[in-house]
Amino acid sequence: MSEKTQRLIDEISQFLAEERRLFGEWDTMSANPRGQSSPPLQPGDCSSLEELRKLCETTDDLKTDLENTRLVFGVGSPKADLMVIGEAPGYHEDKQGEPFVGKAGQLLNKILKAIKFEREEVYIANILKHRPPENRDPSGSERERSLPYLCRQIELIDPKIILCLGRVSATTLLGIDESLSRMRGKFHSYMDRDLAVTYHPAALLRNPQWKRAAWEDVQMVRKRYDQLRGKTH
Ligand code: URA
């Protein structure tokens, strides 16, 4: 070994010894001094929908007991002024990775069309981003773990109006234990936005007598949407 190389090795060794004296041993997993691991990324740290989607892909917070389910993040315009929020993905949504693509989704598309919205114009998401086993109602823990991710999604999309489909969606966001009939037909305030509640399309398929009330709810939403966007009626 040349003298020059030896001198270089000595200098590097001295440098590393000084580093260890000042900062302790390096944790090679996290590349942080003193063995500290970097704090995990939180939904609130994400500054774009893409970043949030990536976090949703990797976190266990959103998983249900059903194994190997697909992330159903949300679909539609990232700048939508109307955000529609359902309950949880079902079989078809899990297969396609997109919310509301089964029978309930077809009815939702018709409802949106009836109030002159294209599906691509709004943003559609669910309280849960993974399918629960046997399509059961999301548990309290699943809702609680999912909520921070959905709240960040709402902040990033920044809609003027949120439309909750069904009791699970509305009670999770509003944090109240109320019947659907008492929550529908009016606007609530949520994260400084207007939030309306109506029947879930799957419930409407089973109970067509509720369609009139749902029609009134979505017309109320359309009217407020136009008012907020400066259109007059
Ligand atoms: N029901 C929901 O609540 N969400 C879906 O995505 C599909 C059915």
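Look a little higher up for the structure.
> Could you give me a rundown of the sheet that holds strand 8 (residues 193-198), with the residues and numbers involved?
Spatially, six strands are ordered 3-5-4-6-8-7 in an open sheet, and the strand pairing comes out mixed. Two strands lie at the open edges of the sheet, namely strand 3 (75-76) and strand 7 (187-190), each paired on one side alone. The strands touched by helix 5 (residues 140-157) are strand 4 (82-86), strand 5 (123-126), strand 6 (161-165), strand 7 and strand 8; relative to strand 4, the strand with the most contacts, the crossing angle is about 165°. Sheet contacts for helix 6 (residues 167-174): strand 4, strand 6, strand 7 and strand 8; angle to strand 6, the most-contacted strand, approximately 130°.

> Account for the site of the ligand, naming residues and giving values.
Around the ligand sit Gly86, Glu87, Ala88, Glu93, Pro99, Phe100, Asn126 and His200, and those are all the residues in its vicinity. The separation between a nitrogen atom of the ligand and a polar side-chain atom of Asn126 is 2.8 Å. A distance of 2.8 Å is found between an oxygen atom of the ligand and a side-chain nitrogen or oxygen belonging to His200. A total of 240 Å² of accessible area belongs to the ligand in isolation, and the protein chains cover 90% of it. Cavity membership is defined here by more than half of the atoms lying within 2 Å of grid points; on that basis the ligand lies in the largest pocket.

> Run through the pairing of strand 5, naming residues and quoting values.
Burial along strand 5 is two-sided: the residues Tyr123 and Ala125 and Ile124 and Asn126 are all buried. In terms of strand pairing, strand 3 meets strand 5 through two bridges, oriented antiparallel. When the sheet's bridge partners are listed, Val75 is paired in strand 5 with Ile124.

> Before we move on, can you summarise the packing of aromatic side chains with the specific residues and values?
In the structure shown here, the tally under the stated rule is two aromatic pairs. Between Phe117 and Tyr225 the ring centres are 4.7 Å apart and the planes differ by 90°, which places this aromatic pair in the edge-to-face class. Here Phe117 is found in the loop between helix 4 (103-114) and strand 5, whereas its partner Tyr225 is found in helix 9 (residues 211-228), with 108 residues between them in sequence. Aromatic pair Tyr199 and Trp210: ring centres 4.7 Å apart, planes at 20°, arrangement stacked. In this pair, Tyr199 sits in the loop between strand 8 and helix 8 (201-206) while Trp210 sits in the loop between helix 8 and helix 9, placing the two residues eleven residues apart along the sequence. By relative accessible area, which is 12% here, Tyr199 ends up buried.

What counts and what doesn't
- Residues numbered from 1 in each chain as written.
- Predicted model: local features only at pLDDT ≥ 70, side-chain atom pairs only at ≥ 80, totals over all residues.
- Heavy atoms only, no water.
- Pairing = 2+ DSSP bridges.
- Helix = DSSP H or I, 4+ residues; strand = E, 2+ residues; numbered from the N terminus.
- Contact = heavy atoms within 4.5 Å.
- Axes fitted to C-alpha atoms, helices over the stretch in contact; angles between N-to-C directions.
- Near = heavy atom within 4 Å.
- Polar contact = N/O pair within 3.5 Å; in protein donor to acceptor, adjacent residues only side chain to side chain.
- Areas by Shrake-Rupley, 256 points an atom, 1.4 Å probe, with all protein chains shown as cover.
- 1 Å grid on protein atoms, 1.4 Å probe; cavity = no way out; pocket = protein on both sides within 12 Å on 5 of 7 lines; lining within 4 Å.
- Sits in = over half its atoms within 2 Å of the grid points.
- Buried < 20%, exposed > 50% of the residue type's maximum accessible area, 1.4 Å probe, protein only.
- Phe/Tyr/Trp six-rings, centres within 6.5 Å; stacked < 30°, edge-to-face > 60°.

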